[in-house]
Amino acid sequence: DIRWVAVQRGLWVGNAGGEFAGMIETRDGGTYVASDARARDLGGFSTLAGSKLAVGRSFDTRPPAAS
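The rules behind these values
Within any chain, residue numbers begin from 1 and follow the written order of that chain's sequence. Thresholds applied to this predicted model are a pLDDT of at least 70 for local features of residues and 80 or more for the giving and counting of side-chain atom pairs; totals over whole chains, interfaces and linings are not thresholded and use all residues. Side-chain measures were taken over the full set of non-hydrogen atoms in the model, leaving aside hydrogen atoms and water. Going along the chain from the N terminus, every DSSP run of H or I of four or more residues is numbered as a helix, and every run of E of two or more is numbered as a strand. Each residue gets one of three labels from its accessible area relative to the maximum for its type: buried under 20%, exposed over 50%, partly exposed in between, using a 1.4 Å probe on protein chains only. In this analysis, two residues are considered to be in contact whenever any of their non-hydrogen atoms come within 4.5 Å of each other. Here the accessible surface of atoms and residues is derived via Shrake-Rupley with a 1.4 Å probe, and residues count as covered only by protein chains that are part of the display. Each pair of strands is called paired provided DSSP finds at least two bridges between the two strands. Structural elements are reduced to axes, namely lines fitted to C-alpha atoms, with helices fitted over the stretch in contact, and the angle between N-to-C directions of any two is expressed from 0 to 180 degrees. Multiplying 1.5 Å by the residue count of a helix minus one yields the expected span of that helix. The salt bridge criterion pairs a side-chain nitrogen of Lys or Arg with a carboxyl oxygen of Asp or Glu, the two atoms within 4 Å.

J.: It is not clear to me how the overall build of the protein should be interpreted in this structure. Could you clarify?
T.: Scanning the protein from terminus to terminus reveals 1 helix and 5 strands. Counting from the amino terminus, helix and strand elements in the protein follow one another as β-β-β-β-β-α. The buried share among the 67 residues of the protein stands at 30%. Taking the contacts inside the protein whose residues are at least 6 apart along the sequence as the reference set, 17% of them involve residues at least 24 apart. Looking at the protein as shown, the accessible area adds up to about 4,600 Å², and 50% of this sits on carbon and sulfur atoms.

J.: When you look at the sheet that holds strand β1 (residues 3-8) in this model, what are you seeing that I'm missing?
T.: Hydrogen bonding along the main chain pairs the strands of a sheet, whether they run parallel or antiparallel. Spatially, β1-β2-β3-β4-β5 is the arrangement adopted by the 5 strands of the open sheet, whose pairing is antiparallel. Pairing within the sheet leaves two strands with one partner each, and these edge strands are β1 and β5 (41-45). The mean angle between the axes of side-by-side strands here comes to 20°, regardless of whether they run parallel or antiparallel. Sheet topology places strand β3 (residues 19-27) next to strand β4 (residues 31-36); 6 bridges connect them, and they run antiparallel. Bridged to I24 within β4 is A34. Packing against the sheet, helix α1 (residues 48-60) makes contact with β1, β2 (11-16), β3, β4 and β5, and its axis sits at approximately 150° to β3.

J.: Quick question: what am I supposed to make of α1 here?
T.: Because an α-helix packs 3.6 residues into every turn, residues spaced three or four apart end up facing the same way. With 13 residues, α1 ought to run about 18 Å at 1.5 Å a step, and its terminal C-alpha atoms sit 18 Å apart, in line with that. Every buried residue of α1 is accounted for by G50, S51, A54, V55, G56, S58 and F59. Where α1 is buried, its residues contact β1, β2, β3, β4 and β5.

J.: Is there a simple way to explain the environment of L42 in this structure?
T.: Among the structural elements, L42 can be located in strand β5. A relative accessible area of 27% means that L42 is categorised as partly exposed. Spatially, the C-alpha atoms of L42 and V55 are 7.4 Å apart, while their sequence positions differ by 13 residues. The residues contacting L42, other than those within four sequence positions of it, are A34, S35, D36, A54, V55 and S58.

J.: Help me understand the pattern of salt bridges in this model?
T.: Opposite charge on two side chains lets them pair, provided their charged atoms get close. Enumeration according to the criterion identifies 2 salt bridges in this entry. A salt bridge links R27 to E25; the shortest N-O distance between them is 3.2 Å. A relative accessible area of 45% means that R27 is categorised as partly exposed. R40 serves as the salt-bridge partner of D36, at 2.8 Å between the closest nitrogen and oxygen.

Here is the structure:
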């Protein structure tokens, strides 16, 4: 599960088990722009919920960290 914190108006940061999961910010026109844990653009979404789902999918499918 990703826990979301609004760090300022229009900016949310996701955390999963103490690890940065991604970020969402609003842009002019009400678009929610999501990025993954490596700051790669996941696209623009019409709802906050949709952008959270996109970050969650990218976090769940990321390759395992090198040991």
